[in-house]
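So the chains spell out like this:
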Number of protein chains: 2
Amino acid sequence: MDTVPLPGRRRSDRARQVADLLRREIVRGRFGAGHLPPEAALAREFGASRNTVRDALAVLRAEGLVERCPGVGTTVAAEKYPHGLHRLLGLAETLYEHGEVTNEVRAMSVIDAPPPVAARLGLPDGERVVYVERLRRLNGLPLSLDLTYLARDVGEPLFDADLVRNDVFVLLERVAGQPLGPAELTVEAVNADPHTAAVLGVPRGAALLLVERCAHLADGRPVDLEYIRFRGDRLTMSGRLRRDPGEPQEDTWP
Amino acid sequence: MDTVPLPGRRRSDRARQVADLLRREIVRGRFGAGHLPPEAALAREFGASRNTVRDALAVLRAEGLVERCPGVGTTVAAEKYPHGLHRLLGLAETLYEHGEVTNEVRAMSVIDAPPPVAARLGLPDGERVVYVERLRRLNGLPLSLDLTYLARDVGEPLFDADLVRNDVFVLLERVAGQPLGPAELTVEAVNADPHTAAVLGVPRGAALLLVERCAHLADGRPVDLEYIRFRGDRLTMSGRLRRDPGEPQEDTWP
């Protein structure tokens, strides 16, 4: 047999393998919102020891994905929602099959653009922009905290718009009379600082997906710069890449 | 003036704003590996109080991005490397400008495919696959831990390949005699479990980018399923989205 078992292979290494496969099955909805099979059954399925399975479940419990209920076993604790990475979509657009997105506007004002914002939006220094901060919920559950800087001509009309029930993208397209075009985005993982953790309802230090996204109108003008913190225990981003994109790719960062 | 300052706007809210903009400037290399401007200068630049700037710097310090050196000020502690999200790239390919990627093979063996792996790779139950686990370093610094499942016909030749200095993608294309085609990927943020933290050299609970990526050959056959944990303090993923992708988009998940 061509196996090359390397020295130092520990149970925690095997547990990580099982945890990754099991996480995927949970996120894909194999168990719905219900029970996972008993440890012995999972051990058979994954060709692992029960101790390894137990360690894998501990990893997923620490992520907030499953709970252990004494006398009942392990149950799915939280749904993770898929945010499309295949095209530029607002939150309500991408999650329309999963429920209702509502937005709590925590701040909205016209401010002097900080120099990095002015640079990204192609504005002269000292130009004013519209700042919007929203806590976004899906079915009442906090999902993301969004900090948004908008070019003033498209941003100011939003003072009169229904930001509670609409994605900014949809409103911007209405105001601008043209669709959005391309966007650059950068995805990072950060630990929640204490105040953000309190706002999003997660433990301090919880892993968040931090997305910076700069969206342009179809005519090429950048109008919308956002910093979005998604709860890592509630959201995944999924897309499709190609080895040969088949077209010239511009640099993703200006 | 059209400002609508909402009640309850706290210094920690403003600090988050400043932290996001400053993080971007650091990641883009505005300060190189050197000093940040003094707090008073940053306060002027961002139109914030010095206390707000101090809180913002504390957020970035907790992320491991900056350090405070008594008597010197705040310095950039770590470079964050950009992983391309615009096309399917191996780590050495995407970071070639940033240094040398080397891989420590922690495990490599032929194993019975766990059912979720067989399903993703389109293999019958019980088929055997090649499992490769690598700790990947950039310029000697741990960057990611990759768990890879390969279809046996393309995976077994890799036992004789130089995995230390090559991306699996490049080796697979050589073995298969055809380029890779599309890949589905899912990005999540998770906290590092204690053992993973030790392997990657980060504190327990540090935020990681967890990427699941299933790559197909150009002929459409899925051959490479990976679970990749990137250090959140060392890597960002950047790409470009379009509002109207201009072609039919398949579902991103089979």
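Every value quoted in this text rests on a predicted model; they were computed, and no experiment measured them.

**Remarks on the overall build of chain A**
Inference 1: When its secondary structure is counted, chain A shows eight helices and 10 strands.
Inference 2: Each of the three principal axes of chain A carries a C-alpha extent, and together these read 65 × 45 × 30 Å.
Inference 3: Expressed as a percentage of the 254 residues in chain A, the buried residues total 45%.
Inference 4: Sequence separation of at least 24 residues holds for 62% of the intrachain contacts in chain A that already meet a minimum separation of 6.

**Digging into the interface of chain A and chain B**
Inference 1: Listed by partner, the interface residues are 75 residues for chain A and 75 residues for chain B.
Inference 2: The element contributing the most residues to the side of chain A that touches chain B is strand 7 (residues 180-191) of chain A, with 12 residues.
Inference 3: Tallied by class, residues from the side of chain A that touches chain B come to 35 nonpolar, 19 polar and 21 charged.
Inference 4: Pairing of strand 7 of chain A with strand 10 (residues 235-242) of chain B, which is carried by six bridges, proceeds in the antiparallel orientation. What sits directly across from L185 of chain A, in strand 10 of chain B, is G239 of chain B.

**A word on the sheet that holds strand 3 (residues 81-84) of chain A**
Inference 1: Pairing is mixed across the open sheet formed by eight strands, whose spatial order is 3(A)-10(A)-7(B)-8(B)-9(B)-6(B)-5(B)-4(B). The open sheet has two edge strands with one neighbour each: strand 3 of chain A together with strand 4 (101-112) of chain B. Taken pair by pair, the neighbouring strands of this sheet meet at an average axis angle of 20°, ignoring direction.
Inference 2: The sheet contact formed by strand 8 (residues 207-217) of chain B and strand 9 (residues 222-231) of chain B spans nine bridges and is antiparallel. Bridge assignment links H216 of chain B to a residue of strand 9 of chain B, and that residue is P222 of chain B.

**Re the relation of the copies chain A and chain B**
Inference 1: Mapping chain A onto chain B calls for a rotation angle of 180° and an axial translation of 0.0 Å; the resulting RMSD is 0.0 Å. A rotation of that kind, with that shift, is consistent with a two-fold axis.
Inference 2: Looking at the interface residues of chain A, 100% of them are also at the interface in chain B, so both copies use one shared face.

**Side note on unusual backbone geometry**
Residues other than glycine predominantly adopt negative phi, and peptide bonds predominantly adopt the trans conformation.
Inference 1: Phi at N139 of chain A takes a positive value of approximately 50°, unusual for a residue other than glycine.
Inference 2: N139 of chain A sits in the partly exposed class, given 13 other C-beta atoms within 10 Å.

**Focus on the sheet that holds strand 10 of chain B**
Inference 1: An order of 4(A)-5(A)-6(A)-9(A)-8(A)-7(A)-10(B)-3(B) is seen for the eight strands of this open sheet, with the pairing classed as mixed. Of all the strands in the sheet, just strand 4 (101-112) of chain A together with strand 3 (81-84) of chain B have a single pairing partner and so form its edges. Adjacent strand axes in the sheet meet at a mean angle of 20° when their direction is disregarded.
Inference 2: Of the pairings in the sheet, the one linking strand 7 of chain A to strand 8 (residues 207-217) of chain A comprises 10 bridges and is antiparallel in character. Bridge pairing in strand 8 of chain A links L185 of chain A to R213 of chain A.

**A word on the domain arrangement of chain A**
Inference 1: Assigned domains within chain A: domain 1 (11-76) and domain 2 (81-238).
Inference 2: A straight line from the C-alpha centre of domain 1 of chain A to that of domain 2 of chain A covers 34 Å.

**Describing the pairing of strand 5 (residues 128-138) of chain B**
Residues and elements named next belong to chain B.
Inference 1: Across the 11 residues of strand 5, eight count as buried, placing the element largely inside the fold.
Inference 2: When strand 4 meets strand 5, the two strands line up antiparallel, connected through 11 bridges. For S109, the partnering residue across the bridge sits in strand 5 and is Y131.
Inference 3: Sheet topology places strand 5 next to strand 6 (residues 141-151); 10 bridges connect them, and they run antiparallel. Following the sheet pairing, L135 is matched in strand 6 by L145.

**Some details on the pairing of strand 9 of chain B**
Two faces, one strand: in a regular strand the side chains alternate between the faces of the sheet.
Inference 1: Counting buried positions over the 10 residues of strand 9 of chain B gives nine, a clear majority of the element.
Inference 2: From the end of strand 8 of chain B to the start of strand 9 of chain B, which pair antiparallel, there are four residues, and G220 of chain B there has a positive phi angle of about 100°.

**Comments concerning helix 3 (residues 50-62) of chain A**
Residues and elements named next belong to chain A.
Inference 1: A rise of 1.5 Å per residue sets the reference length of helix 3, with its 13 residues, at 18 Å; its end C-alpha atoms lie 18 Å apart and thus fit the reference within 8%.
Inference 2: The set of residues buried in helix 3 consists of T52, V53, D55, A56, L57, V59 and L60.
Inference 3: Next to the buried residues of helix 3 lie helix 1 (11-27), helix 2 (39-46), strand 1 (66-69) and strand 2 (73-76).
Inference 4: Following helix 3 by one or two positions, G64 adopts a phi angle in the positive range, close to 80°.

**Comments concerning helix 7 (residues 168-176) of chain A**
All names here are of chain A.
Inference 1: Taken residue by residue, helix 7 has V168, F169 and L172 as its buried positions. The buried side chains of helix 7 occupy one side of the element, clustering within an arc of 95° when seen end-on.
Inference 2: In this structure, the buried residues of helix 7 make contact with strand 6 (141-151), helix 6 (152-155), strand 7 and strand 9 (222-231).
Inference 3: Count one or two residues on from helix 7 and you reach G177, which has phi positive near 65°.

**Considerations on the packing of helix 1 of chain A against helix 3 of chain A**
Residues and elements named next belong to chain A.
Inference 1: At a minimum axis separation of 8 Å, helix 1 and helix 3 run at an interaxial angle of 60°. Between helix 1 and helix 3, the angle falls in the class oblique. Considering the relative orientation of helix 1 and helix 3, their crossing is right-handed. Where helix 1 abuts helix 3, its residues R11, S12, R14, A15, R16, V18, A19, L22 and R23 lie against N51, T52, V53, D55, A56, V59 and L60.

**Some remarks on the nonpolar core**
Grouped burial of nonpolar side chains is what soluble globular proteins tend to show.
Inference 1: Counting residues in hydrophobic clusters, the biggest one holds 148 residues, and the most contacted among them are L208 and L209 of chain A together with L208 and L209 of chain B.
Inference 2: L208 of chain A has contacts with V190, A192, R229, F230, R231 and G232 of chain A together with A189 and A207 of chain B, leaving out every residue within four places of it along the chain.

**Some thoughts on the environment of P222 of chain B**
Residues and elements named next belong to chain B.
Inference 1: The residue P222 is located in strand 9 in this model.
Inference 2: A sequence separation of 99 residues divides P222 from L123, and the C-alpha atoms of the two residues are 9.4 Å apart.
Inference 3: With near-sequence residues (within four places) excluded, P222 lies in contact with R120, L121, G122, C214 and H216.

Parameters at a glance
Residues numbered from 1 in each chain as written. Chains lettered and ligands numbered in written order. Predicted model: local features only at pLDDT ≥ 70, side-chain atom pairs only at ≥ 80, totals over all residues. Helix = DSSP H or I, 4+ residues; strand = E, 2+ residues; numbered from the N terminus. Buried ≥ 20, exposed ≤ 12 C-beta atoms within 10 Å, placed from the backbone. Contact = placed C-beta atoms within 7 Å. Nonpolar A, V, L, I, M, F, W, Y, C, P; charged D, E, K, R; others polar. Pairing = 2+ DSSP bridges. Axes fitted to C-alpha atoms, helices over the stretch in contact; angles between N-to-C directions. Least-squares fit on C-alpha atoms with pLDDT ≥ 70 in both. Domains from an automatic or database assignment. Expected span 1.5 Å × (residues − 1). Arc of directions from axis to C-beta. Parallel < 35°, antiparallel > 145°, perpendicular 65-115°, else oblique. Left-handed = near helix turned anticlockwise from the far one by under 90°. Core = buried A, V, L, I, M, F, W, Y, C linked by C-beta atoms within 7 Å.

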